[in-house]
Each structure stands twice: as C-alpha cells, then as structure tokens.
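In case you want the letters, here they are:
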Amino acid sequence: MIQYKRAYLLFAAGLALTAGKVWADATPVTTPAPAATAVSKPAKADSPTVSAMKAAIALAEAGKTDEAVAAYEKIGVLKNKKMEAWRLNNEGLAYLTAATPVPDKALPLFESAVTTDDTNYVALNNLGTTYEQTGDLDKAKDSYQKAIDAAKAAGTSSAKAEGNLQDLQARLDKAQAKKDKAAKKAGVKATPTVVVTPGADKK
C-alpha cells in the first residue's frame, strides 16, 4: 500500500527530502529559473547546514540509516523553527524509508516536527502515514486532514494528502462493512435470551 518515491524541495534556508506516499507527487516541485543575464553570477556555496543536510540525505539514500540519523542529530537543534521542523522530518524519513522501516522510531520525530511548525504540510502528511503504519487510524485521518488544510493555506497542492486520506477512508469503510456483515450474520444465528424471573412459575 505504501509506495516510496523521492522528491527534493529546496527552501530558502535548506534542503528537505520527502518521500513516496509519504509526500512527493509524481512531479518534483521546482522554482522557475530567472531569465539569463549577460553576465552570469558564480554559484552561491551551500551553507554548512544545507551541506550537512545533503550529506545526511545521501547517507539515507545509500541505506545507511544509523549513519544518516547520527548526521541529522549532529546538526543539532536549529534556531529557525521551519528548518528545525525539516531536520526532524528528514530524520524521521531516514527511519521510515529504511530497508526495514521503523515507524515507531519515526513517529516521535514527525510529532516533534509538526509541533515545531504546524504549517509543515509535508511533515503532517508523513505523520499521518506513520500513524497509519502503527495502526492509529483516527490520528492518521486527522493528520492527513491537517496536511490538506496546511497545503491549501500555503497555496500548494494537497493532492498527495487527499489521496492518502481517500485510501485510508476506503480501508476504514471496507473494514466497517465487513464488521457489519459479521454482526448481522451473528445476529441471525443468535439464540434469543430468555429472562426468567424467580418465582414466576409459582401459582
């Protein structure tokens, strides 16, 4: 049910990795390039934080989950709340996209990410996916809805979270229908309960 694809979102202060059902739509988000000028400017070097984030992402991509997590933790808590939310989100993804996913370890990282920045629709969607993987379906629905609302507020596509919410709702509806059918079948075969009042036979 979970499909993983990768897309990169470049923000003003750093790089954020998103994944599959976890977030990326089929087309990566891109920023239009400015018109070429007569004299091109030299490329601006990445900040140490962006370089460290890229290195951690590369480790996660190579399947070195423990090293990637250590690299994210080495970056430390970032003062910029939006960037800290991305760091936490990316660290959670290292666990969630590992060869053997570890959603229990990813969960507190995504929870911290959305607490740090409740407008981060990617982290909200990833949190929903993690809740779904750990069986907390009501919280998954809530997180997907919050991701939709946050994406719309940011003026960007909410299609991924909407798709995840629809898939989850279909699962829930199917499970409820199965439960209702089983209850109906059990009700037909059930033997009526007779209540006997002590002394009722006595004349």
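All figures in this text were calculated on a predicted structure; none of them were measured in a lab.

1. Observations regarding the overall build of the protein
- Summing up its helical and strand segments, the protein has 7 helices and 2 strands in all.
- Tracing the protein from N to C terminus, the helices and strands come up as β-β-α-α-α-α-α-α-α.
- The buried share among the 203 residues of the protein stands at 38%.
- Across the protein, every contact between residues at least 6 apart in sequence was considered, and the portion connecting residues at least 24 apart equals 53%.
- Accessible area of the protein: about 12700 Å², with a carbon and sulfur share of 57%.

2. Some remarks on the nonpolar core
- Counting residues in each nonpolar core, the largest one holds 39 residues, and the members touching the most others are Met53, Tyr72, Ala94, Phe110 and Leu127.
- At the level of elements, helix H1 (48-61), helix H2 (65-75), helix H3 (81-96), helix H4 (103-116), helix H5 (121-133), helix H6 (137-153) and helix H7 (159-189) are the ones that each hand at least two residues to this core.
- The contact partners of Tyr72, leaving out residues within four places of it in the chain, are Met53, Ala56, Ile57, Arg87, Asn90, Glu91 and Ala94.

3. Digging into the environment of Asp66
- Mapped onto the elements, Asp66 comes out in helix H2.
- Sequence spacing of Asp66 and Ala98 is 32 residues, and the spatial spacing of their C-alpha atoms is 9.5 Å.

4. So, the confidence of the model for the protein
- Mean pLDDT over the protein stands at 79; residues scoring 70 or higher make up 71%.
- Within the protein, no element has a lower average pLDDT than strand S1 (residues 6-11), which sits at 35, and none a higher one than H4, at 97.
- In the model, residues 1-20 has pLDDT below 50 throughout and makes 72 contacts with residues more than four positions away in sequence or in other chains.
- Counted against residues more than four places away or in other chains, residues 24-38, with its pLDDT under 50, gives 12 contacts.

Scoring rules and cut-offs
The written sequence of each chain sets the order in which its residues are numbered from 1. Side-chain atom pairs in this predicted model are given and counted only at pLDDT of 80 or more, local residue features only at pLDDT of at least 70, and totals for whole chains, interfaces and linings cover all residues. Excluding hydrogens and water, the side-chain figures rest on all heavy atoms present in the structure. Helix numbers and strand numbers start at the N terminus; a helix is a DSSP run of H or I with at least 4 residues, a strand a run of E with at least 2. Per-residue accessibility, obtained with a 1.4 Å probe over protein chains only, is compared with the maximum for each type, and a residue is labelled buried under 20%, exposed over 50%, and partly exposed between these values. Contacts are assigned to residue pairs that have any heavy atoms within 4.5 Å of one another. Per-residue and other accessible areas follow the Shrake-Rupley method at a 1.4 Å probe size, with only the shown protein chains counted as cover for residues. What we call a nonpolar core is a set of buried Ala, Val, Leu, Ile, Met, Phe, Trp, Tyr and Cys residues that are connected through their side-chain atoms within 4.5 Å. The predictor's confidence in any single residue is recorded as pLDDT, a number from 0 to 100.

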